[in-house]
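Residue-level structural notes
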Amino acid sequence: MTAFGRLLRRVQGGYMHWCDGCRESHFIAVETPLANGSQWTFNGSADSPTFAPSVRIRIPAYVEKGDPDFSNPESVCHYFLRGGTVQFCADTTHRLAGQTVALPPWPNAG
């Protein structure tokens with residue numbers, strides 16, 4: 001993983017960015033399509049990135065191994081990343097659903 005400005009990280013096949021809603025990074029395939037064929041275009045800007053089309057990440061529900069009382073429901077992070085802003089769609093299941101926010105820098109990016 002290589003820094004590409006303060007907002008993105010360059011990785012094999014595409015880019016990663018930090019999501020404040022999920023509190024984790026998300027990968028966007030640009031050069032190499034995902035196994036399901038999904039692939040995005042990128043405007044090449046480190047300061048004001050735009051990817052198209054929208055990104056929809058689905059994390060299936062699960063039960064913690066060894067602890068049947070702990071489970072996580074399915075979660076979805078669906079957004080448009082345009083001009084350095086993240087426009088979260090209404091079907092997003094975290095606290096930023098329906099909001100538009102600036103793409104945050106990577107934690108500890110300075």
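Residues numbered from 1 in each chain as written. Predicted model: local features only at pLDDT ≥ 70, side-chain atom pairs only at ≥ 80, totals over all residues. Heavy atoms only, no water.

The next thing to look at is the sheet that holds strand 9 (residues 75-82). Taken in spatial order, the 5 strands of this open sheet run 5-6-9-10-11, and their pairing is antiparallel. At either margin of the open sheet sits one strand with a lone partner, and together these are strand 5 (41-42) and strand 11 (100-102). Sheet analysis places strand 10 (residues 85-88) next to strand 11, joined by 3 bridges and oriented antiparallel. Each residue of the ladder has a partner; that of Val 86, found in strand 11, is Val 101. (Pairing = 2+ DSSP bridges. Helix = DSSP H or I, 4+ residues; strand = E, 2+ residues; numbered from the N terminus.)

Take the nonpolar core next. Counting residues in hydrophobic clusters, the biggest one holds 18 residues, and the most contacted among them are Leu 8, Ile 28, Phe 51, Tyr 79, Leu 81 and Phe 88. Secondary-structure elements contributing two or more residues to this core are strand 3 (14-19), strand 4 (24-29), strand 6 (51-59), strand 9 and strand 10. The element best represented in this core is strand 9, accounting for 3 residues. Apart from residues no more than four positions distant in its own chain, Leu 81 is found in contact with His 17, Ile 28, Pro 49, Thr 50, Phe 51, Val 86 and Leu 103. (Core = buried A, V, L, I, M, F, W, Y, C linked by side-chain atoms within 4.5 Å. Buried < 20%, exposed > 50% of the residue type's maximum accessible area, 1.4 Å probe, protein only. Contact = heavy atoms within 4.5 Å.)

With that out of the way, let us pick up the environment of His 26. Position of His 26 relative to the elements: it lies in strand 4. Through-space distance from the C-alpha of His 26 to that of Ile 57 is 8.2 Å; in sequence the pair is 31 residues apart. Not counting residues up to four positions away in its chain, the partners in contact with His 26 are Tyr 15, Met 16, His 17, Cys 19, Ile 57, Cys 77 and Tyr 79.

Glancing now at the sheet that holds strand 4. Pairing within the open sheet is antiparallel, and its 4 strands lie in the order 1-2-3-4. Both edges of this open sheet fall to strand 1 (2-4) and strand 4, since each of them pairs with a single strand only. Sheet twist, expressed as the average angle between the axes of neighbouring strands with direction ignored, equals 35 degrees. One ladder, built from 3 bridges, connects strand 1 with strand 2 (residues 8-11); its direction is antiparallel. (Axes fitted to C-alpha atoms, helices over the stretch in contact; angles between N-to-C directions.)

What follows is about the pairing of strand 4. Pairing of strand 3 with strand 4, which is carried by 6 bridges, proceeds in the antiparallel orientation. By the bridge assignment for strand 4, Trp 18 is matched with Ser 25. Counting the residues between successive antiparallel strands, the hairpin from strand 3 to strand 4 contains 4 residues, one of them, Arg 23, with a positive phi of roughly 60 degrees.

Taken as a whole and judged by the stated rule, the model has 2 salt bridges. When the shortest N-O distance is used, the salt bridge between Arg 10 and Glu 31 registers 3.2 Å. Of this pair, Arg 10 sits in strand 2 while Glu 31 sits in the loop between strand 4 and strand 5; the two residues are 21 residues apart in sequence, bridging distant segments of the chain. Ionic pairing is found between Arg 56 and Asp 91, a salt bridge with its closest N-O pair at 3.5 Å. Of this pair, Arg 56 sits in strand 6 while Asp 91 is found in the loop between strand 10 and strand 11, placing the two residues 35 residues apart along the sequence. Judged by relative accessible area, Arg 56 falls into the partly exposed class, the value being 48%. (Salt bridge = Lys/Arg side-chain N within 4 Å of Asp/Glu carboxyl O.)

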